[in-house]
Amino acid sequence: MELRQLEYFIAVAEEASFTRAAAKLHVAQPGVSAQIRQLERELGQELLDRSGRSVRLTEVGAAVLPYARATIESVSGARLVVDEFTGLLRGRVAVGVVTSCPALDLPELLAEFHRDHPAVEITLSEANSDELIRSLRTGHLDAAIIGLAGADPPGIATRAIVDESILATVSPDHPLADRTEISLDALREWGLMSLPKGTGLRGALDEACAEIGLVPRIAFEASDLNMLAQLAARGLGVAMLPESMATTRPGELHPITVSRPHLRGRLALAWRADGPVGPAARALLSSARTVLFPAPVD
């Protein structure tokens, strides 16, 4: 029995698919199938039911899965202990960022970390906040920059990078351009433009609408805040934008404060609150805090 076989088995169990598991592991799908078949032959039992459209655990597979996870975690823990004693930083750290992330010094953060720890491989991926949070919980990401609407998600620790109002934003010739404030309920007759579901900004909008019993009419969805701003500037609707973006294009955009309820959103550095965190991941978080939250100058 090899560790690789257990890793492949865990991935297929989590993804319910050989193809998705292979993509996550960055290996060929036939190799995954062959290794799990070998594991099943060694154990003398089938671990996976392949008869349906999705792969499911057999009764034996469900019983074996916790032991497989414990084995992989124990080996990882042993490696972490050795790294702690030797002071070596190597391996890999995985960072996620929301697709709609505004201009942050993320390239400088990653470049600085690479200069200090050249033996650590860095991977960067983009996704919406919901997907990033899931990846943090499963350990596929060590840290992420996510958007948040309310409290911290369970099992996730955060530190706010930006906490700002979300404004209704229109073109200067829009019928609402004479307003400086508007209630959320008064926007029900207008087509809104927003980030898609799963993002922090959209979560803040949906939560506020649910609070007053409003079903918003979403005319446009885009995963890029700049695209929403451009659509609003061309008079195509009311874009829900963070204040930092809505107020930086005078003459092109007219920002309107949304009240009753007031809309706010956070952009935050996030990491897994429990479970083992390796030396490389801790070093990454330390670098992130230094770059993203510099100490004030007296």
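The preceding data block contains the structure.
Residues numbered from 1 in each chain as written. Predicted model: local features only at pLDDT ≥ 70, side-chain atom pairs only at ≥ 80, totals over all residues. Heavy atoms only, no water.

Looking at this model, I keep getting lost on unusual backbone geometry. Mind explaining?
With glycine set apart, most residues show a phi of negative sign, and most peptide bonds adopt trans. The omega torsion across Arg260 and Pro261 is -5 degrees, close enough to zero to call that bond cis. Its place among the elements puts Pro261 in the loop between β11 (254–259) and β12 (264–272). Notably, Arg260 is not glycine yet its phi reads approximately 50 degrees, a positive angle. (Helix = DSSP H or I, 4+ residues; strand = E, 2+ residues; numbered from the N terminus.)

It is not clear to me how the packing of aromatic side chains should be interpreted in this structure. Could you clarify?
The geometry of an aromatic ring pair comes down to the distance between the two centres and the angle between the two planes. All chains considered together, the criterion is met by 0 aromatic pairs. Residue placement shows Arg159 over the ring face of Phe293; its charged tip is 4.1 Å from the ring centre. (Phe/Tyr/Trp six-rings, centres within 6.5 Å; stacked < 30°, edge-to-face > 60°. Lys NZ or Arg CZ within 6 Å of the ring centre and 35° of its normal.)

Looking at this structure, I do not really get the pairing of strand β3 (residues 91–98). What am I missing?
Each regular strand carries side chains that alternate between the two faces of the sheet. The buried fraction of β3 amounts to 6 of the 8 residues, a majority that puts the element mostly inside the structure. Here 8 bridges tie β3 to strand β4 (residues 120–127), and the two strands are oriented parallel to one another. Within the sheet, the bridge partner assigned to Val93 lies in β4 and is Ile122. Of the strand pairs in this sheet, β3 and strand β5 (residues 143–148) are connected by 3 bridges, and their pairing is parallel. Directly across from Val97, in β5, lies its bridge partner Ile145. (Buried < 20%, exposed > 50% of the residue type's maximum accessible area, 1.4 Å probe, protein only. Pairing = 2+ DSSP bridges.)

Which parts of the structure should I look at to understand the packing of helix α1 (residues 3–15) against helix α3 (residues 29–43)?
Relative placement of two packed helices is described by the angle separating their axes and the distance separating the axes. Where α1 meets α3, the closest approach of the two axes is 9 Å, and the angle between their N-to-C directions is 110 degrees. One way to sum up the angle between α1 and α3 is to call them roughly perpendicular. Contacts from Arg4, Gln5, Leu6, Tyr8, Phe9 and Val12 in α1 reach Gly31, Val32, Gln35, Ile36, Gln38, Leu39 and Glu42 in α3. Looking at the contact of α1 with α3, its residues break down into 7 nonpolar, 4 polar and 2 charged. (Axes fitted to C-alpha atoms, helices over the stretch in contact; angles between N-to-C directions. Parallel < 35°, antiparallel > 145°, perpendicular 65-115°, else oblique. Contact = heavy atoms within 4.5 Å. Nonpolar A, V, L, I, M, F, W, Y, C, P; charged D, E, K, R; others polar.)

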